[in-house]
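Spelled out from the first residue to the last, the chains are:
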Amino acid sequence: MSNEKDWPLWEIFIQSKRGLDHKHVGSVHAADAQMAIENARDVYTRRNEGNSIWAVLAENLHASKPEDQGAFFDPADDKVYRHPTFYVMPKEAKYI
Amino acid sequence: MMESNQETLFQQKVDAEQKIEPKDWMPAEYRKNLIRQISQHGHSEIVGMLPEGNWITRAPSLRRKTVLLAKVQDEAGHGLYLYSAAETLGIGRDELVDQLLSGKAKYSSIFNYPTITWADMGAVGWLVDGAAIMNQVMLCRTSYGPYARAMVRICKEESFHQRQGYEIMNVLSHGSPEQKAMAQDALDRWWWPSLMMFGPSDKDSPHSVQSMKWKIKRQSNDELRQIFIDRTVQQAEVLGLKIPDPKLKWNEGTQHYDWGEIDWAEFFDVIKGNGPCNKERLTARQKAHADGAWVREAALAYAEKKAKKKAA
Ligand SMILES: [Fe+2]
Ligand SMILES: [Fe+2]
């Protein structure tokens, strides 16, 4: 049984409602994309949790490295002027 | 970075209740422990389908049959959520399945007991799922992200499992004298094995200390077992059934029930493989896997052929 080739691994993303983001929920094994989507339906949406399913071959998914998390996200750290609260508004001005 | 330094940072993260994610550095023992625990948990869901699957064709009504089928399907889903979480730690699905089929990996001993009457479907849902829920609610706060998320998903689905079981017990225990006797008999047989589900007593559970430090576990075996007993006694009273423990007694001082002694010899014997159904369960899984081999091969061959055609 161990020399048998395993079905590839697919990462599954589900949109729970129209208009929302697709969210990662887990993975399934499947021979092809169609089967991955059908398996994901049976595994992750037995109670109407899904409106749309994305299946991505796990080997095609790339991720940032956690060990340089600090340095990697550093450029965003010291730019408070990207937030609206950075700016001084006159009290009299409305709707701004 | 030096190993010990990494380990300190890791522990700080855990102490600060930050989840550990798949690509984070983690001690080799933490990884090993988690793979063992998550895969055991997954195998329990998969093998756990067998004692209940046994009654699907013989359920007493269409309603009961539909419900039981849905419950068993959920357990299959739970097994898959857990395998998926285990795979994020670097072990393959084929390896996980091999470990189960070769007998190398363990699964919860409770599933090595037979389900001989319909009332067992009631007792299993009420007590076995009930005990599993206690453990799983705790694990929703476990330190490993993918495991915690799988648990949240599972917990949402479990409460119907326990309620359908309790409903069966309620109908039987308020039915004919024969039905009530059947319900009592099921409680008599499932009570002690259900208490064993929480694992060895804290004083005999050496792995627990490390698991608590790493926040894999958040409550001890004995703590969870006591909460389960405290809750279940009242539920048995509502059914008018008697819990098979002559020492069971409310303790005003501790505000908990005192209770008897688990037969630990039986517990370890079943773990070792000498339970009433160990062989039957493993054989059933091996057969299912072997019987499905041609399907797995054919699907893969078909997918490869389709991919080639598309590329040409
Ligand atoms: Fe389950
Ligand atoms: Fe369940």
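Structural notes, computed from the coordinates. (Residues numbered from 1 in each chain as written. Chains lettered and ligands numbered in written order. Predicted model: local features only at pLDDT ≥ 70, side-chain atom pairs only at ≥ 80, totals over all residues. Heavy atoms only, no water.)

Tracing the chain through its elements places Asp32 of chain A in the loop between strand 2 (23-29) and helix 1 (33-44). Beyond its immediate chain neighbours, meaning those up to four positions away, Asp32 of chain A contacts Trp10 of chain A together with Ala303 and Lys306 of chain B. (Helix = DSSP H or I, 4+ residues; strand = E, 2+ residues; numbered from the N terminus. Contact = heavy atoms within 4.5 Å.)

Strands in a sheet are paired, the pairing made by backbone hydrogen bonds, and the direction either parallel or antiparallel. Residue and element names in this part refer to chain A. Read across the open sheet, the 3 strands follow the order 2-1-3; overall the sheet is antiparallel. Each edge of the sheet is formed by a strand with only one pairing partner; in this case those strands are strand 2 and strand 3 (52-57). Taken over all neighbouring pairs, the strand axes of this sheet differ in orientation by 30 degrees on average, direction set aside. Summarising the sheet, strand 1 (residues 9-15) and strand 2 pair through 6 bridges and their orientation is antiparallel. Directly across from Glu11, in strand 2, lies its bridge partner Ser27. (Pairing = 2+ DSSP bridges. Axes fitted to C-alpha atoms, helices over the stretch in contact; angles between N-to-C directions.)

Right, let's talk about the coordination of the iron ion (ligand 1) for a bit. All names here are of chain B. The iron ion (ligand 1) binds to the protein through Glu45 (OE), Glu75 (OE), His78 (ND1) and Glu158 (OE); the donor distances cover 2.1 to 2.4 Å. Between the 4 donor atoms coordinating the iron ion (ligand 1), the angles at the centre fall across 80 to 157 degrees, so the site counts as irregular. The sequence motif formed by the donor residues of the iron ion (ligand 1) is E-x29-E-x2-H-x79-E. (Donors = N, O, S within 2.8 Å, 3.2 Å for Na, K, Ca; no water. Tetrahedral: all angles 85-135°; square planar, octahedral: opposite > 155°, others 65-115°.)

All right, on to the packing of helix 6 (residues 119-139) of chain B against helix 10 (residues 221-239) of chain B then. Residues and elements named next belong to chain B. It is at 11 Å that the axes of helix 6 and helix 10 come closest, and there the two elements cross at 145 degrees. Note that helix 6 runs across helix 10; the crossing there is right-handed. Seen from helix 6, the contacting residues are Trp126, Leu127, Gly130, Ala131, Met134, Asn135 and Met138; seen from helix 10, they are Leu224, Ile227, Phe228, Arg231, Thr232, Gln235, Ala236 and Leu239. Taken together, the residues of the contact of helix 6 with helix 10 sort by class into 10 nonpolar, 4 polar and 1 charged. (Left-handed = near helix turned anticlockwise from the far one by under 90°. Nonpolar A, V, L, I, M, F, W, Y, C, P; charged D, E, K, R; others polar.)

All names here are of chain B. Bound to the iron ion (ligand 2) are the protein donor atoms Glu75 (OE), Asp129 (OD), Glu158 (OE), Glu158 (OE) and His161 (ND1), situated 2.0 to 2.8 Å from the metal. One chain supplies every donor for the iron ion (ligand 2), spaced along it as E-x53-D-x28-E-x2-H. Here the iron ion (ligand 1) and the iron ion (ligand 2) are spaced 3.3 Å from one another, each receiving a donor from Glu75. Placement of Asp129 in helix 6 and of His161 in helix 7 (residues 145-173) is noted, with a sequence separation of 32 residues between them.

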